[in-house]
Amino acid sequence: MKYRVIGSDPATRREVSVVSLGSMLFGTVTDESTSFAVLDRFVEAGGNFIDTSNNYAFWVNGTQGGESEELLGRWIRSRGIGDEITIATKLGARPNAPTSGFSLDIEGLSAKVIRESAERSRERLGIERIHLLYAHVMDEKTPLEETVGAFGEIVADGIAGLLGASNHWAWRVERARSLAAAAGVPGYEVLQHHHSYLRQRTDTPSLRSPDGNQGLVSGDLLSYVRANPSLTQIAYSPLLSGGYVRDDKPLGPGFEHAGTDPRLKAVREVAEETGATVNQVVLSWLMGGDIPVLPLVGASSTAQLDENLAAVDLELSPEQREKLDTTN
């Protein structure tokens, strides 16, 4: 396993594995025994960075979520896990009532919600401090000053360590970080968005914005991270839920553009050259770029996890990386 330091403050920064394990479906779609086996294997392989959210996975059984955090809490207690494992969770997108559908009726990022939801997550996880806490989605109804101040307070109180933002426009991240710096409180240091080798259209209106999908890595976000190397970019769903390898699974309308087929051809050719799987090439491409990205992978079996972890040791040649980078 390889590692990277995230965060800048010696009191809260963490050395984490370059691959993070997503536990979104643990405790619902993925049963407890399988979830525990995957978690055990991840730690055995040197992984120490696990991701969840307070709303995972409400849509499976029509709840408000929390099943993933609860399962992780049981695993943490049963294995005697301590501070050596970095746990990341999110708040702000938990539905206000049990539901199986995505809507705008969510908790948001008010000071009250941040305090109460962070405390509940800490209790479900059974940990003293949430090592990395994200604002899961943007809340444009709550003043950003209130959100920034509330996150600063829970860091000061020891409830959370590092702070992050997921599914945010780059300008919202910058504004929040500027407000935090002016107020002398911790700001966002980790970003989490969907990112993969195949590019998805960013201009299609989404549930939360008529301007496009703020959950996707775009050029302005990458440029922002490049200009601020202290920031860490996490890529969720980097393998497109099997989209690279399952011919029976359409990629979706966001990939219906002229760049998809050439890039899919390029990544498959590089996989053939290296003897690696396409998924491994995608993960290696993310981790080894000039803007290093930490992929967040899910796994429903230990075999699937082992394939993903093998990407850590896959070194693409300069020629292979240039081929991938310049294909449009």
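Just so we're clear, the structure is a prediction, and the values are computed from it rather than from any experiment. (Residues numbered from 1 in each chain as written. Predicted model: local features only at pLDDT ≥ 70, side-chain atom pairs only at ≥ 80, totals over all residues. Heavy atoms only, no water.)

Colleague: Tell me about the nonpolar core, residues and numbers included.
Modeller: Nonpolar side chains in soluble globular proteins generally cluster together in the buried interior. Leu133, Phe151, Tyr197, Tyr244, Val267, Val281 and Leu324 are the most contacted members of the largest nonpolar core, which totals 88 residues. Sorting elements by how many residues they give to this core places helix H9 (residues 278-287) first, with seven residues. The residues contacting Leu324, other than those within four sequence positions of it, are Tyr197, Arg263, Ala266, Val267, Val270, Val281, Trp285 and Leu316. (Core = buried A, V, L, I, M, F, W, Y, C linked by side-chain atoms within 4.5 Å. Buried < 20%, exposed > 50% of the residue type's maximum accessible area, 1.4 Å probe, protein only. Helix = DSSP H or I, 4+ residues; strand = E, 2+ residues; numbered from the N terminus. Contact = heavy atoms within 4.5 Å.)

Colleague: Before we move on, could you go through helix H11 (residues 318-326) and cite the residues and values that matter?
Modeller: Residues of H11 that are buried include every one of Gln320, Arg321 and Leu324, and no others. Viewed end-on, H11 has its buried residues packed into an arc of 95°, placing them on one side of the element. With respect to the buried face of H11, the exposed residues turned more than 90 degrees away are Pro318, Glu319, Glu322 and Thr326. Next to the buried residues of H11 lie helix H8 (260-274) and H9. (Arc of directions from axis to C-beta.)

Colleague: Could you give me a rundown of the pattern of salt bridges, with the residues and numbers involved?
Modeller: For the coordinates displayed, the defined rule picks out 17 salt bridges. Between Glu315 and Lys2 there is a salt bridge, and its shortest N-O distance comes to 2.9 Å. Remark: Lys2 occurs in the segment before strand E1 (3-6) and Glu315 occurs in the loop between helix H10 (302-309) and H11; sequence separation between them is 313 residues. Among the residues examined, Glu315 registers a relative accessible area of 58% and is labelled exposed. (Salt bridge = Lys/Arg side-chain N within 4 Å of Asp/Glu carboxyl O.)

Colleague: I'd like a description of the packing of aromatic side chains, backed by residues and values.
Modeller: This model, assessed by the stated rule, comprises six aromatic pairs. Between Tyr56 and Trp59, the ring centres sit 6.1 Å apart and the planes meet at 80°, which makes this aromatic pair edge-to-face. Between Tyr197 and Trp285, the ring centres sit 5.0 Å apart and the planes meet at 80°, which makes this aromatic pair edge-to-face. You can see Tyr197 sitting in the loop between strand E8 (190-194) and helix H7 (219-227) and its partner Trp285 sitting in helix H9, a full 88 residues away along the chain. Accessibility expressed as a relative area gives 1% for Tyr197, which makes it buried. Trp285 sits in the buried class, given a relative accessible area of 13%. One aromatic cluster is present, formed by Tyr56, Phe58, Trp59 and Phe102 through successive ring pairs. Looking at Arg263, its charged tip hangs above the ring of Tyr197, at a distance of 3.9 Å from the centre. (Phe/Tyr/Trp six-rings, centres within 6.5 Å; stacked < 30°, edge-to-face > 60°. Lys NZ or Arg CZ within 6 Å of the ring centre and 35° of its normal.)

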